[in-house]
Amino acid sequence: MDKIVIEGGAPLKGEIKISGAKNSAIKLMVLPLLTDQPVELTNMPNLRDTRSMAGLLRHLGVTVEEGPGPRMFMHAPKLASTEAPYDLVRKMRATFNVLGPLLAREHKAKVSLPGGCAIGARPVDLHLKALEAMGAKIELIEGYVVATAKGGLKGADITFPFISVGATEHAILAAVLAKGETTLNNAAREPEIIDLANALNAMGARITGAGRSEIQIVGVKSLDGVSHSVVPDRIEAGTYALAAATAGGSVRLVNVRSDHLGSLWPLIAQAGAKVTMDETSVLIERNPKTRLKPVDVETQAYPGFPTDLQAQFMAMCCLADGVSIIRENIFENRFMHCPELARMGADIKVTGREAIVRGVKQLRAAPVMATDLRASASLIAAGLAAQGTTHISRVYHLDRGFEHIEVKLGNCGANIRREKE
Ligand code: UD1
């Protein structure tokens, strides 16, 4: 197993190119299940999660070629299986999204219930209800969802009781080939949903309203192939922006969609960093000799503040001159980074969904453990700012969603390396 070792204290200076969005890429990767034509994705990140999804696709009979460069080519003139076994699904929750496309194309599927980050119960009831509304018959048998849709899926009027990114995407993926019209009410509005709808529409799907709470999908008989560029990763961009604010220095992020982080920039500015941006690049500057200011934040569905940046934001608040209150509204158990940050000298008290962070003057290096994907990134930011040498173990979490993190930060002067444990 690998660990990351950081000698803290050096401000960051340089440029970081943001990769394609993990959370979009892994959903776009199911598109070849919906067509017998080729699908090409460019601006494609190479991550443990994309490799997990590629493994599952190959099992289902999809040809998957990675590269050259940030590109993936996929083609499935015929499928070899409609079964997604536990071993291939447990590593990542988004693999569950093959269920809808398999039902749409083959009218049957057997997919293991998912695994993924340990950040709460994370059920899939909304996904299943949406598919049932479209006419699927669903049984849960020994940890598997066994689903059939005799005669194909049918369009339906679906109202989600609360916002779910995964269920919105899953319903879109199932509805594009359904008979008739589907309406999704209280849909998620994340940029990754717009990206998915854009790719599907380029294949001939008829989706309107992606990015709004009401989405309409008119089912079509078949879909073409597509070549699609994955939207830049707003969470990766936000993570580096917060790392720069935490450690201090001057970092330019390029290949970003600055408008996708509209909730973050004012908060970073409030904390005391200077933010200068145009459409595709953002410059973060902070004098490491001045103290950060405390900032309160609560996570919300897009366009609110993303839960996937909560841990990294907390790392910054740990060094503020005052008290910040951080509220997690999306997941019930997403404060596992707090005890790890506390090992580095942070003063954090968690009560229910709220963390009260009393800023300290200096964080101190310590051996810490990555507990989930985004939590690992908060430990990196803390390690960059801390005095001494921080050892972060279990970095396989990090490798699920951040491409070459030690290289990208190393290019900005960070003293960071990967070692075998
Ligand atoms: C996606 C993102 C994840 C992000 C999250 C919220 C991917 C691969 N992952 O996860 O990084 O943190 O959005 O922005 O894109 N829920 C249910 N029943 C369901 C579905 C969800 O109760 O059927 C609950 C979840 O437990 C959670 C909340 O709804 O509390 C929101 O989850 P959801 O938006 O679905 O997150 P994911 O799509 O899993």
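Scroll up to find the structure this text is about.
Residues numbered from 1 in each chain as written. Predicted model: local features only at pLDDT ≥ 70, side-chain atom pairs only at ≥ 80, totals over all residues. Heavy atoms only, no water.

This part takes up the packing of aromatic side chains. Applying the stated criterion across every chain yields a total of one aromatic pair. With a centroid separation of 5.2 Å and 75° between ring planes, the pair formed by F305 and F313 is classed as edge-to-face. One exposure class covers both F305 and F313, and it is buried. Across from the ring centre of Y144, 4.8 Å away, lies the NZ or CZ of K110, which sits over that ring. (Phe/Tyr/Trp six-rings, centres within 6.5 Å; stacked < 30°, edge-to-face > 60°. Buried < 20%, exposed > 50% of the residue type's maximum accessible area, 1.4 Å probe, protein only. Lys NZ or Arg CZ within 6 Å of the ring centre and 35° of its normal.)

Overall, mixed pairing links the four strands, which are arranged β6-β7-β9-β8 in an open sheet. The sheet is open, and its two edges are formed by β6 (83–84) and β8 (137–141), each paired on a single side. Strand direction decides the pairing type here: β8 and strand β9 (residues 144–148), joined by five bridges, are antiparallel. Within β9, the residue paired with E139 across the bridge is V146. (Pairing = 2+ DSSP bridges. Helix = DSSP H or I, 4+ residues; strand = E, 2+ residues; numbered from the N terminus.)

Below, the discussion takes up the site of the ligand. The environment of the ligand is formed by 19 residues, the closest being D125, L126, S164, D308 and I330. R93 has a polar side-chain atom sitting 2.9 Å from an oxygen atom of the ligand. One nitrogen or oxygen atom from the main chain of P123 is found 3.3 Å from an oxygen atom belonging to the ligand. The protein chains hide 87% of the 740 Å² of surface that the ligand would expose on its own. Mapped onto the shell around the ligand, the elements with two or more residues apiece are α1 (22–28), α5 (125–133) and α6 (165–175). (Near = heavy atom within 4 Å. Polar contact = N/O pair within 3.5 Å; in protein donor to acceptor, adjacent residues only side chain to side chain. Areas by Shrake-Rupley, 256 points an atom, 1.4 Å probe, with all protein chains shown as cover.)

Further remarks concern helix α4 (residues 99–106). Within α4, seven of the eight residues are buried, leaving the element largely enclosed by the surrounding structure. Among the residues making up α4, those that are buried are L99, G100, P101, L102, L103, A104 and R105. Those residues of α4 that are buried lie in contact with α2 (48–60), β7 (108–112), α5, β9 and α6. Positive phi appears at H107, one or two residues downstream of α4, with a value of about 65°. (Contact = heavy atoms within 4.5 Å.)

Now for α5. Within α5, burial applies to L126, H127, L128, A130 and L131. In the core, the buried residues of α5 are packed alongside α4, β8, β9, β10 (157–159) and α6. Once α5 ends, the next one or two residues include G135, with phi positive near 100°.

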